Amino acid sequence: MLCQECGKKQATLHFTKILNGEKTEFHICESCAREKGELIPGTPNGFSIHNLLSGLLDFDPSHGTLTPKAQPGRCEECGLTYSQFSKVGRFGCSSCYKHFEDKLDPLFKRVHGNTFHTGKVPKRSGGLIQHKREIETLKKELLLRIQGEEFEEAAKLRDEIRQLEKKVAEG
């Protein structure tokens, strides 16, 4: 695919922008992207997924800014520092997850929207799991309705929760 800007070079960068609910796709070459300012800020050579991930790893959500890469301490097992991890993008051992946990939870929450993985439910045998998840969702919605003093809707949700709990108990 040719660059949409110059029409001469091969498009190597593909952007999808969503502004006010309107989706626009751009297919441009690296030099046109550099001219338009469509590259990731702070990356010297332009668009680099490694630099993007490194930037995510150095983000401090409590300050809303990038922090110095140095983190006090090393992993007790392999001696890896957070600075080394952010450069390489891999941990040295399984103990690194526990050692750098305070930095990883905010990262996972930003990237994935949560700090735990719920996974998919098998279609054939996942009925029970699906009912339990639906009950959890309905209970959260019930609390919101009660806080908003929408008691009629809350009563409907309560009844729906009871029906699902009855199905779960029956198997």
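Criteria and cut-off values
- Residues numbered from 1 in each chain as written.
- Predicted model: local features only at pLDDT ≥ 70, side-chain atom pairs only at ≥ 80, totals over all residues.
- Heavy atoms only, no water.
- Axes fitted to C-alpha atoms, helices over the stretch in contact; angles between N-to-C directions.
- Helix = DSSP H or I, 4+ residues; strand = E, 2+ residues; numbered from the N terminus.
- Parallel < 35°, antiparallel > 145°, perpendicular 65-115°, else oblique.
- Left-handed = near helix turned anticlockwise from the far one by under 90°.
- Contact = heavy atoms within 4.5 Å.
- Nonpolar A, V, L, I, M, F, W, Y, C, P; charged D, E, K, R; others polar.
- Expected span 1.5 Å × (residues − 1).
- Buried < 20%, exposed > 50% of the residue type's maximum accessible area, 1.4 Å probe, protein only.
- Arc of directions from axis to C-beta.

The protein chain is annotated in an unreviewed UniProt entry as UvrB/UvrC motif-containing protein of Paenibacillus radicis.

S.K.: Would you take a moment to explain the packing of helix α6 (residues 127-147) against helix α7 (residues 151-170) for this structure?
M.R.: Two quantities define a packed helix pair, namely the angle between the helix axes and the distance between the axes. Here α6 crosses α7 at 160 degrees, and the two axes come no closer than 9 Å. By the angle between their directions, the pair α6 and α7 is classed as roughly antiparallel. In the packing of α6 onto α7, the handedness of the crossing is left-handed. Residues L128, H131, K132, E134, I135, L138, K139, E141, L142, R145 and I146 of α6 form the contact with α7, whose participating residues are F151, E153, A154, L157, R158, E160, I161, L164, E165, K167 and V168. Residue classes in the contact of α6 with α7 are distributed as 11 nonpolar, 1 polar and 10 charged.

S.K.: When you look at α7 in this model, what are you seeing that I'm missing?
M.R.: The periodicity of an α-helix, 3.6 residues per turn, causes residues three or four places apart in sequence to face the same way. For α7, built from 20 residues, the straight-helix expectation of 28 Å at 1.5 Å per residue is met to within 8% by its first-to-last C-alpha distance of 28 Å. The complete set of buried residues in α7 reads A154, L157, I161, L164 and V168. Around the axis of α7, the buried residues are gathered within 90 degrees of arc, so they sit on the same side. Every exposed residue of α7 that faces more than 90 degrees away from the buried side is listed here: E152, K156, R162, Q163, K166, A169 and E170. Buried residues along α7 sit against α6. Just downstream of α7 lies G171, where phi reads positive at about 100 degrees.

S.K.: Would you mind going over the environment of I135 with me for this structure?
M.R.: Summarising the element assignment, I135 is placed in helix α6. Each C-alpha atom of the pair I135 and I161 lies 5.8 Å from the other, and the pair is 26 residues apart in sequence. Apart from the residues within four sequence positions on either side, I135 is in contact with I161, L164, E165 and V168.

S.K.: Help me out: how do you make sense of the environment of C3 in this one?
M.R.: You can see C3 is positioned in the segment before β1 (13-19). Spatially, the C-alpha atoms of C3 and H14 are 9.7 Å apart, while their sequence positions differ by 11 residues.

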